[in-house]
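# Commentary on secondary and tertiary structure
Each chain is listed here by its residues.
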Amino acid sequence: MILILIAHQVLSNSLIKKSYDNIKNTKVSLRLEEVSIEDTFKEIEKNTKFRFAYDRRDIDAEVRINHSGEVVFLSELLLQISKKTNLKFKQINHTINVYRSVIANNQAKEPKRHFKIAGRIVNEEDELPLIGVSVRVGNSNIGIISDNDGRFELTIPGQSARLIISYVGFETIKVDVESSLKTLKIGMKQDLRNLNDVVVVGSRFNPRSVLDSPVPIDNISSQELEATGQLTLDQMINFKMQSFNASQQTVSDATAHFNPADLRGLGPSRTLVLINGKRKNPSALVYINDTPGKGEVGVDMQSIPIGAVERVEVLRDGASAQYGSDAIAGVINIILKEEAETTTVNSFSGITTKGDGFNYGFGANTGFELFDTGFLNVTTSYKEQEYTNRAGNPGTDEFLNAEGSEEWIAANPDLGMIVGQPDMTTFDVFYNAEIPLNNQSEFYSFGGITLRQGTSFALYRTPYWVPDPNNVFHKDNEIYNGFHPTFETDINDRTLGLGIKSQIRDWAVDISAVSGTNTVAYHIGETMNPDLGRQSPTRFDAGGYRFQNFVNNIDIFKKVDNFSIGFGSEFRTERFQAFAGEEASYQGNGSISFPGIRPNDEVDENRNNVGLYTDIEFDNDIILVGGAARFENYDDFGKNFTWKFNTRYKPFGEILAFRASASTGFRAPSLHQIYLSNVQTLVSDGSISNQGTFNNHSPVIRELEVPELAQENAINFSAGITLQLFRKLELTFDYYNIKVNDRILFTNEIGSDGDPNTVTALEDTLRAYNVTSLKFFTNAADTRTKGADLVATYKQISLGSGFLDISFAANMTSTAIESAIRTPAPIATAGNEIFNRKEQARIISARPEDKYLIAFNYGLNKFTGGLSFTRFGEVTWKHATDPIKDQTFSAKIITDINLGYKISPTATFGLTVQNLLDIYPDEVNAKGDPITNLGGRFKYAWEVNQFGYLGTVISARISLKFS
């Protein structure tokens with residue numbers, strides 16, 4: 001914050017006195033020599049914050065403008081243009097509307113017979129007024145623009161006329177009027193054919209359309225995301241984007257409360273997430289359970305409410321040279337809403353056709369104008385979901401020795417299991433604001449807080465599983481007769497961003513500071529600590545984790561003719577903390593299902609990073625060439641340099657474009673991966689046991705000759721084409737090839753050599769820590785990911801009285817390990833693997849190798865309807881040592897239906913049916929190995945998960961919008 005205040009003072013001293021953005025107070029210095037009116041407008045846009053809205057038919061292409069380059073007020077320059085033409089200008093916020101009006105000399109010639117007509121122009125979709133719409137009388141110079149309430153009034157000569165009503169982004173309307181008609185109400189339809197799909201991610205200069213970008217980009221609106229009927233942002237993107245994967249996990253401790261998500265199958269750690277173009281903090285959690293993304297750290301995507309989101313931009317290309325660490329697979333930029341004139345209230349509810357998983361919630365979004373041209377947009381929401389259960393029904397227990405357990409199993413054929421989504425309650429508040437400081441600068445801020453409480457379930461502890469080391473239990477003891485431990489989380493995610501954007505002469509300057517914190521606190525319920533005997537509590541505070549970062553950025557840009565140049569710096573501070581649980585949670589063997597974090601495993605570590613970058617681009621509308629370079633210096637592991645080169649060539653205008661990029665990338669090892677230590681209860685070799693994770697600085701790890709963690713380095717190449725045969729049909733195809741060197745991996749369990757005649761140093765360590773095996777993080781291998789993305793859209797197809805949009809997207813990807821696994825000598829000598837077949841499969845085949853989406857959306861008057869099909873490709877689970885026990889789960893197609901009806905100008909009703917045909921993944925085939933499904937407890941795979949196993953979900957929603 002101090003940085004922001006100092007920067008503001010410096011900028012204020014260098015700028016003219018405070019005034020709000022206004023054409024009367026804005027100064028420009030332009031050298032114009034025989035420049036057309038349209039090009040003059042473009043020059044003004046480059047040098048001010050204003051944008052022009054006009055109908056090209058109103059612009060006389062023959063008129064030329066000259067100006068010496070002296071500093072004048074913008075209003076004076078526009079007055080010069082007005083004198084040479086019959087154009088008039090009206091400012092509304094940052095838009096200058098251009099329109100024709102009656103020339104003074106012609107007014108005297110106006111026929112004596114005339115009539116007046118008044119009207120109001122609204123958006124047909126939501127009935128909200130449209131401001132600055134051009135209303136012209138055909139074959140004349142008479143015209144006007146609509147006011148802040150969408151109203152206009154015209155005096156028209158004669159007894160009848162044709163009005164031509166036009167507005168940027170909407171279909172032009174022609175209306176015949178006559179003197180007997182006094183008032184009009186006109187609804188305008190959005191013209192999707194002429195709206196550019198504009199994004200800001202991927203370029204620090206001009207926003208670009210998806211087709212104009214030199215790298216592959218997706219732009220998904222909040223309306224498209226909400227139409228999926230999913231409850232969280234990550235799942236919404238999952239069902240709208242071909243190369244993004246996220247699936248709900250189960251029976252996986254805290255991971256069940258986060259959905260590990262990634263781009264192109266490269267793991268959560270290699271996708272950078274931004275909010276409004278600023279780095280979002282990762283979560284405090286490391287995914288250390290047997291799920292996709294094991295050993296990774298990702299952003300808590302569930303902490304961002306969809307009600308606050310305007311759109312999601314996804315850059316599918318390496319961008320470390322532009323944005324820094326983590327952007328190896330790409331970047332997701334979440335743009336918050338700026339709406340300042342409407343209020344929207346939503347409510348929803350849904351349930352599975354199995355009768356479980358009931359969910360409901362509500363949210364509100366509203367906006368306010370601040371100081372004439374600023375805004376404040378606020379969102380709040382609340383939602384609840386209940387757990388689901390899709391456990392197996394084995395009838396016997398082949399997992400452990402079940403001797404003497406027949407009576408209990410007969411009474412509990414499902415072995416007490418609950419397998420499915422957790423209970424979850426979420427509350428959040430977000431805001432986005434912008435305040436003018438003077439005519440050249442503005443203050444902006446955004447942020448929010450999300451509170452999420454969840455309860456998931458561990459493995460049910462049957463009576464014959466429960467240890468009784470002190471021989472104090474007996475079979476009529478309630479807890480001894482079986483119990484189901486719960487894993488409960490309190491998740492707190494906070495974001496606060498502040499910044500100033502200014503124009504200093506020809507340079508655009510953006511100075512910002514962003515703080516982010518994610519905290520996860522654990523409680524273990526319905527369990528016990530056998531070492532405490534009958535004095536054991538049944539609920540434990542097991543500790544937790546916190547991650548914080550503070551990011552300062554200064555970005556400076558300038559555009560001269562076809563050249564753009566930018567440079568800047570980033571200073572980032574990160575802090576990772578682990579908090580011990582209460583003593584009873586870790587004493588002895590600790591609480592069953594999850595021993596609490598021990599005092600020895602507490603962490604409070606931080607690091608600093610300084611980054612410098614430069615970015616340059618040349619674009620003459622035919623060929624674009626761009627490059628970026630970045631230098632980073634971390635105070636814990638050292639320096640890194642990355643670069644990027646991209647190009648785009650349009651030989652036939654907008655019809656066809658070729659594009660390509662090449663870059664290097666990197667990912668710094670997270671503080672979590674360097675310093676995490678813990679003990680957790682997992683399945684190993686047919687038994688339930690405690691396994692320890694030792695941090696990278698541990699003496700135990702040093703004795704095993706495990707090297708210190710270093711950064712991953714990547715080489716990324718992509719090439720593609722974009723095609724637009726006509727405005728309704730767009731197609732993009734891109735190939736990518738990503739090599740990741742020194743990839744950070746989380747090892748498999750490393751335990752005793754099984755020889756009772758020798759005791760190794762490793763075995764001594766295991767006994768000392770009361771664990772049966774250990775794991776650690778290490779730069780173990782090099783991988784290569786190859787694939788292709790295809791996206792095609794065909795919009796606004798006339799069908800009956802309505803319009804149909806069709807979209808298709810496909811992703812094909814594969815990852816291979818290209819190097820030998822780098823095993824430390826003491827471990828290799830003892831015959832142990834550190835990354836076995838099972839762990840290798842987690843990065844090679846745990847995500848679908850292909851994914852296809854096709855969607856049909858139809859609009860007819862007040863009705864909208866959508867039908868979509870998502871095909872998730874096959875995934876493969878591999879056994880640690882025995883290939884015969886591998887299993888491939890076949891591809892499945894999920895069908896979703898979304899219906900909407902506009903009840904009134906303010907109310908809309910929606911109905912969504914997810915997974916209409918009640919499709920589930922293939923069932924687990926244990927192949928004689930009870931570990932693969934834990935003796936039948938899991939009906940569906942728990943380590944590879946294509947799309948979850950909720951089955952059909954029916955939900956309804958209602959939305960109210962007020963102006």
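Residues numbered from 1 in each chain as written. Predicted model: local features only at pLDDT ≥ 70, side-chain atom pairs only at ≥ 80, totals over all residues. Heavy atoms only, no water.

Take the sheet that holds strand S18 (residues 271–275) next. If you trace the five strands from one edge of the open sheet to the other, you get S15-S20-S21-S18-S19, paired in mixed fashion. Edge positions in the sheet fall to strand S15 (217–221) and strand S19 (278–279), since each has one partner strand and no second. Relative to strand S21 (residues 330–336), strand S20 (residues 309–315) runs antiparallel, the two sharing six bridges. If you follow Glu 313 over to S21, its bridge partner there is Asn 333. (Pairing = 2+ DSSP bridges. Helix = DSSP H or I, 4+ residues; strand = E, 2+ residues; numbered from the N terminus.)

Those residues of helix H14 (residues 837–844) not exposed but buried are Lys 838, Glu 839, Ala 841, Arg 842 and Ile 843. Its buried side turned inward, H14 meets strand S38 (729–746), strand S41 (777–799), strand S42 (802–817) and strand S45 (875–877). At the N-terminal end of H14, a side-chain oxygen is found 3.2 Å from the backbone nitrogen of Lys 838, two or three residues along, and the residue is Asn 836. (Buried < 20%, exposed > 50% of the residue type's maximum accessible area, 1.4 Å probe, protein only. Contact = heavy atoms within 4.5 Å. Polar contact = N/O pair within 3.5 Å; in protein donor to acceptor, adjacent residues only side chain to side chain.)

Here we come to unusual backbone geometry. Even without being glycine, Arg 264 reaches a positive phi, approximately 55 degrees. Topologically, Arg 264 is positioned in the loop between strand S17 (261–263) and S18. Of the residues examined, Arg 264 reaches a relative accessible area of 2% and is grouped as buried. The phi dihedral of Asp 621 falls on the positive side, at around 75 degrees, and the residue is not glycine. With respect to the helices, strands and loops of the structure, Asp 621 is situated in the loop between strand S31 (603–619) and strand S32 (623–634).

Once that is clear, we can look at the confidence of the model for the chain. For residues with low pLDDT, the predicted coordinates do not support detailed interpretation. Residues of the chain with pLDDT of at least 70 account for 88%, and the chain-wide mean is 85. For residues 1–20, every residue scores under 50 in pLDDT, and the model assigns this stretch 37 contacts once sequence neighbours within four places are set aside. Here residues 192–196 is a poorly scored stretch, pLDDT under 50, and it has nine contacts once near neighbours within four places are set aside; other chains count. (pLDDT = per-residue confidence, 0-100.)

Bringing the pattern of salt bridges into the picture now. The final tally for this structure, using the stated rule, is 43 salt bridges. Put simply, Asp 290 and Lys 838 hold a salt bridge, and the shortest N to O gap is 3.8 Å. Note that Asp 290 is positioned in the loop between S19 and S20 and Lys 838 in helix H14, a separation of 548 residues in sequence. You can call Asp 290 buried: its relative accessible area is 8%. On the basis of relative accessible area, Lys 838 is assigned to the buried category, the value being 17%. In this structure, Arg 572 engages Glu 574 in a salt bridge whose closest nitrogen and oxygen atoms are separated by 3.1 Å. Residues joined in a network through salt bridges with shared partners are Glu 570, Arg 572, Glu 574, Arg 607, Arg 630, Glu 632 and Asp 636. (Salt bridge = Lys/Arg side-chain N within 4 Å of Asp/Glu carboxyl O.)

A few words on the pairing of strand S29 (residues 540–560). Across 17 bridges, the pairing between strand S28 (residues 507–525) and S29 is antiparallel. Its bridge partner lying in S29, Val 520 is registered against Tyr 545. Judged from the 17 bridges that link them, S29 and strand S30 (residues 563–579) form a sheet pairing that is antiparallel. Following the sheet pairing, Lys 559 is matched in S30 by Ser 564. With antiparallel pairing between neighbouring strands as the criterion, S29 and S30 make up a hairpin whose turn holds two residues, including Asp 561 at a positive phi of roughly 55 degrees.

One pass over the structure, following the stated rule, counts 20 aromatic pairs. Taking 5.6 Å as the distance between ring centres and 75 degrees as the angle between the ring planes, the aromatic pair formed by Phe 239 and Phe 872 counts as edge-to-face. Taken as a pair, Phe 239 in the loop between helix H6 (233–238) and strand S16 (244–246) and Phe 872 in strand S44 (residues 863–872) lie far apart in primary sequence, 633 residues in all. Since its relative accessible area comes to 10%, Phe 239 is described here as buried. Judged by relative accessible area, Phe 872 falls into the buried class, the value being 0%. Looking at Arg 264, its charged tip hangs above the ring of Tyr 736, at a distance of 3.6 Å from the centre. The aromatic ring of Phe 258 is capped on one face by Arg 452, whose charged end is 5.3 Å from the ring centroid. (Phe/Tyr/Trp six-rings, centres within 6.5 Å; stacked < 30°, edge-to-face > 60°. Lys NZ or Arg CZ within 6 Å of the ring centre and 35° of its normal.)

This part is about the side chain of Ser 955. Among the structural elements, Ser 955 can be located in strand S49 (residues 953–962). For Ser 955, a relative accessible area of 10% corresponds to the buried category.

Within the fold, Gly 138 resides in the loop between strand S7 (134–137) and strand S8 (143–145). It is 9.8 Å that separates the C-alpha atoms of Gly 138 and Asp 176, two residues lying 38 residues apart in sequence. If sequence neighbours within four positions are ignored, Gly 138 has contacts with Arg 162 and Ile 164.

What follows covers the pairing of strand S34 (residues 656–667). For S34, the tally of buried residues reaches nine of twelve residues, placing the bulk of the element in the interior. Note that strand S33 (residues 638–649) and S34 share six bridges and pair antiparallel. Bridge assignment links Lys 644 to a residue of S34, and that residue is Ser 663. Between S33 and S34, which follow one another and run antiparallel, lie six residues, and Gly 653 among them has a positive phi close to 70 degrees. By the bridge criterion, twelve bridges tie S34 to strand S37 (residues 712–726) in an arrangement that is antiparallel. Across the sheet, Ser 661 pairs through a bridge with Ser 718, a residue of S37.

Strand order across the open sheet formed by four strands is S8-S7-S10-S11, with antiparallel pairing between neighbours. For this open sheet the edge positions go to S8 and strand S11 (173–178), each flanked by a neighbour on one side alone. Neighbouring strand axes in the sheet, compared pairwise and without regard to direction, differ in orientation by 20 degrees on average. Sheet topology note: the S7/strand S10 (residues 160–166) ladder contains four bridges and is antiparallel. Bridged to Val 137 within S10 is Leu 163. (Axes fitted to C-alpha atoms, helices over the stretch in contact; angles between N-to-C directions.)

Another point: the environment of Leu 77. On the secondary structure map, Leu 77 appears in helix H3 (residues 74–84). Since its relative accessible area comes to 0%, Leu 77 is described here as buried. Residues within four places of Leu 77 in sequence aside, it is in contact with Val 28, Leu 30, Ile 44, His 67 and Val 72.

Moving on, we come to the packing of helix H2 (residues 37–47) against H3. Where H2 meets H3, the axes come as close as 12 Å, and the angle between the chain directions of the two elements is 175 degrees. Accordingly, the angle class assigned to the pair H2 and H3 is roughly antiparallel. Listed contacts from H3 to Thr 40, Phe 41 and Ile 44 of H2 are Leu 74, Leu 77, Leu 78 and Ile 81. Looking at the contact of H2 with H3 residue by residue, the class counts come to six nonpolar, one polar and no charged. (Parallel < 35°, antiparallel > 145°, perpendicular 65-115°, else oblique. Nonpolar A, V, L, I, M, F, W, Y, C, P; charged D, E, K, R; others polar.)

Next up on the list: the nonpolar core. In this structure, Leu 225, Leu 233, Ile 237, Phe 244, Val 312, Ile 332 and Ile 334 are the most contacted members of the largest nonpolar core, which totals 33 residues. Those elements giving two or more residues to this core turn out to be H6, S16, S17, S18, S20, S21 and S38. With sequence-adjacent residues up to four places away left out, Phe 244 is seen in contact with Asp 234, Ile 237, Asn 238, Ala 261, Asp 262, Leu 263, Ile 332 and Lys 851. Listed in part, the 29 residues of the second largest apolar core include Ile 288, Phe 576, Val 603 and Ile 744. (Core = buried A, V, L, I, M, F, W, Y, C linked by side-chain atoms within 4.5 Å.)

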